[in-house]
Amino acid sequence: DSLCICAGVGEDASFDMRLIEQFRASVHGLDPTPRAIAYVEREHLQERGYRFHPIGLWRKDTTLFFYSPRKKEHVSHSIVNLQQTSDGFDAPVMRLRSFLDTIGGDAPIDMQKIDIEGAEHAVIAEILGDAIRPKQILVEFDQPASISRVVSTINLVRNAGYTVAGFDKWNVTFVRRDHDQ
């Protein structure tokens, strides 16, 4: 019965689906990119218990421009224009607090995955500023322009009561200290 929010689906929801299949978790995937939407529909993921929402996660509720990746075969778009391109599309974005309100989210978040192409710094600051404290936060830091920004965000999460439980390259797993095993 765990609540998992997975921001950034792309064309691979295998991790998300494993949470459903192995742990019977309630998984909500968020991704407004056209290829992610087509992927979820093509794979019939919603028929398998996956709750998909074609929105992005951001620090306020609005509509933003998502910039295309430099390589057209890549799926990931970025609201911070990570790859310095000019084409893209407009899509709705929401604060995590607003999203939780729309799904009736009174339950605590057991796991928050964040793979959102450079927007992770602003979103993490917003989540913690809203006093939302998932038991686990899994984040991919995308090609940072400054290592000091990554360190600053990691310190922000640690100061909010989390421990770094693991890392692999730019992927970091945080566990809330009161939930360390």
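Quick note: structure is the one above.
Residues numbered from 1 in each chain as written. Predicted model: local features only at pLDDT ≥ 70, side-chain atom pairs only at ≥ 80, totals over all residues. Heavy atoms only, no water.

Q: I'm lost on helix 4 (residues 120-129) in this one. Help?
A: At 3.6 residues per turn, the α-helix brings residues three or four places apart onto the same side. Within helix 4, eight of the 10 residues are buried, leaving the element largely enclosed by the surrounding structure. For helix 4, every residue scored as buried is listed here: Glu120, His121, Ala122, Val123, Ile124, Glu126, Ile127 and Leu128. Looking at the buried side of helix 4, the elements it contacts are strand 4 (56-57), helix 3 (96-102), strand 7 (111-114), strand 8 (136-140), helix 5 (147-159) and strand 9 (162-168). (Buried < 20%, exposed > 50% of the residue type's maximum accessible area, 1.4 Å probe, protein only. Helix = DSSP H or I, 4+ residues; strand = E, 2+ residues; numbered from the N terminus. Contact = heavy atoms within 4.5 Å.)

Q: How should the pairing of strand 2 (residues 26-30) be read in this particular structure?
A: Note on strand geometry: in a regular strand, side chains alternate between the two faces of the sheet. Among the five residues of strand 2, four are classified as buried, and the element is accordingly described as predominantly covered. Here strand 1 (residues 3-7) pairs with strand 2 via five bridges, running parallel. Among the inter-strand pairings, Ala7 is bridged to a residue of strand 2, identified as Leu30. With helix 1 (residues 14-23) bridging strand 1 and its parallel neighbour strand 2, the resulting β-α-β unit is right-handed. Pairing between strand 2 and strand 3 (residues 51-53): three bridges, direction parallel. Residue pairing in the sheet places His28 in a bridge with Arg51 of strand 3. On the question of chirality, the crossover connecting strand 2 to the parallel strand 3 by way of helix 2 (residues 34-42) is right-handed. (Pairing = 2+ DSSP bridges. Right-handed = clockwise from strand over helix to strand, strands pointing away.)

Q: Help me understand the state of the cysteines in this model?
A: Each disulfide consists of one covalent bond between the sulfur atoms belonging to two cysteines. As enumerated under the stated definition, the model contains zero disulfides in all. Sulfur of Cys4: no disulfide; nearest cysteine sulfur belongs to Cys6 and is 6.0 Å away. Relative accessible area serves as the criterion here: at 0%, Cys6 is assigned to the buried category. (Disulfide = S-S within 2.5 Å.)

Q: Explanation requested: the sheet that holds strand 5 (residues 62-67) in the structure shown.
A: Strand pairing in a sheet relies on backbone hydrogen bonds. The paired strands run either parallel or antiparallel. Taking strand neighbours across the sheet as the criterion, the three strands line up as 4-6-5 in an open arrangement whose pairing is mixed. Of all strands in the sheet, those bounded by a partner on one side alone are strand 4 and strand 5.

Q: Would you take a moment to explain the side chain of Glu120 for this structure?
A: Along the chain, the position of Glu120 falls in helix 4. No salt bridge is formed by the buried Glu120; the nearest opposite charge belongs to Arg149, separated by 7.3 Å. If near-sequence neighbours (up to four positions away) are discounted, Glu120 is found in contact with Ile114, Val139, Glu140, Phe141 and Asp142. (Lys, Arg positive; Asp, Glu negative; His and termini not counted. Salt bridge = Lys/Arg side-chain N within 4 Å of Asp/Glu carboxyl O.)

Q: What's the story with the sheet that holds strand 7 in this structure? I'm lost.
A: The strand order across the open sheet formed by seven strands is 3-2-1-7-8-10-9, and the pairing between neighbours is mixed. One side of each edge strand has no neighbouring strand; the edge strands of this open sheet are strand 3 and strand 9. Taking the axes of each pair of neighbouring strands and ignoring which way they run, one obtains an average angle of 15 degrees across the sheet. Pairing analysis gives four bridges linking strand 7 to strand 8, with the strands arranged parallel. Bridging from a neighbouring strand, Gln112 pairs with Ile137 of strand 8. Taken strand by strand, helix 4 contacts strand 7, strand 8 and strand 9, and its axis lies near 155 degrees from that of strand 7. (Axes fitted to C-alpha atoms, helices over the stretch in contact; angles between N-to-C directions.)

Q: What am I meant to see in the packing of aromatic side chains here?
A: The relation between two aromatic rings is expressed through the spacing of the ring centres and the mutual angle of the planes. Here the structure, examined in full by the defined rule, presents two aromatic pairs. Relative to Phe89, the ring of Phe66 has its centre 5.4 Å away and its plane inclined at 5 degrees; by these criteria the two rings are stacked. With a gap of 23 residues between them, Phe66 in strand 5 and Phe89 in strand 6 (residues 88-94) connect regions that are remote in the sequence. This pair shows no difference in class: Phe66 is buried, exactly as Phe89 is. (Phe/Tyr/Trp six-rings, centres within 6.5 Å; stacked < 30°, edge-to-face > 60°.)

Q: What exactly am I supposed to notice about a nonpolar patch on the surface here?
A: On the surface, Ile147, Val151 and Trp170 cluster together to form a nonpolar patch covering roughly 270 Å² of accessible area. For Val151, the location among the structural elements is in helix 5. (Patch = residues over 30% accessible without salt bridge, like charges linked within 9 Å, V, L, I, M, F, W, Y side chains within 5 Å. Areas by Shrake-Rupley, 256 points an atom, 1.4 Å probe, with all protein chains shown as cover.)

Q: In this structure, what is going on with the layout of surface pockets? I would like to understand it.
A: Unoccupied space between atoms shows up once a probe the size of one water molecule is rolled over them. If you add up the space inside the largest pocket, you get close to 500 Å³. Surrounding the largest pocket, 34 residues form its lining, Ala7, Gly8, Val9, Asp115 and Ile116 being those nearest its centre. A class-by-class count of the residues in the lining of the largest pocket yields 17 nonpolar, 10 polar and seven charged. (1 Å grid on protein atoms, 1.4 Å probe; cavity = no way out; pocket = protein on both sides within 12 Å on 5 of 7 lines; lining within 4 Å. Points joined across faces, edges and corners; volume = space filled by probe spheres on them. Nonpolar A, V, L, I, M, F, W, Y, C, P; charged D, E, K, R; others polar.)

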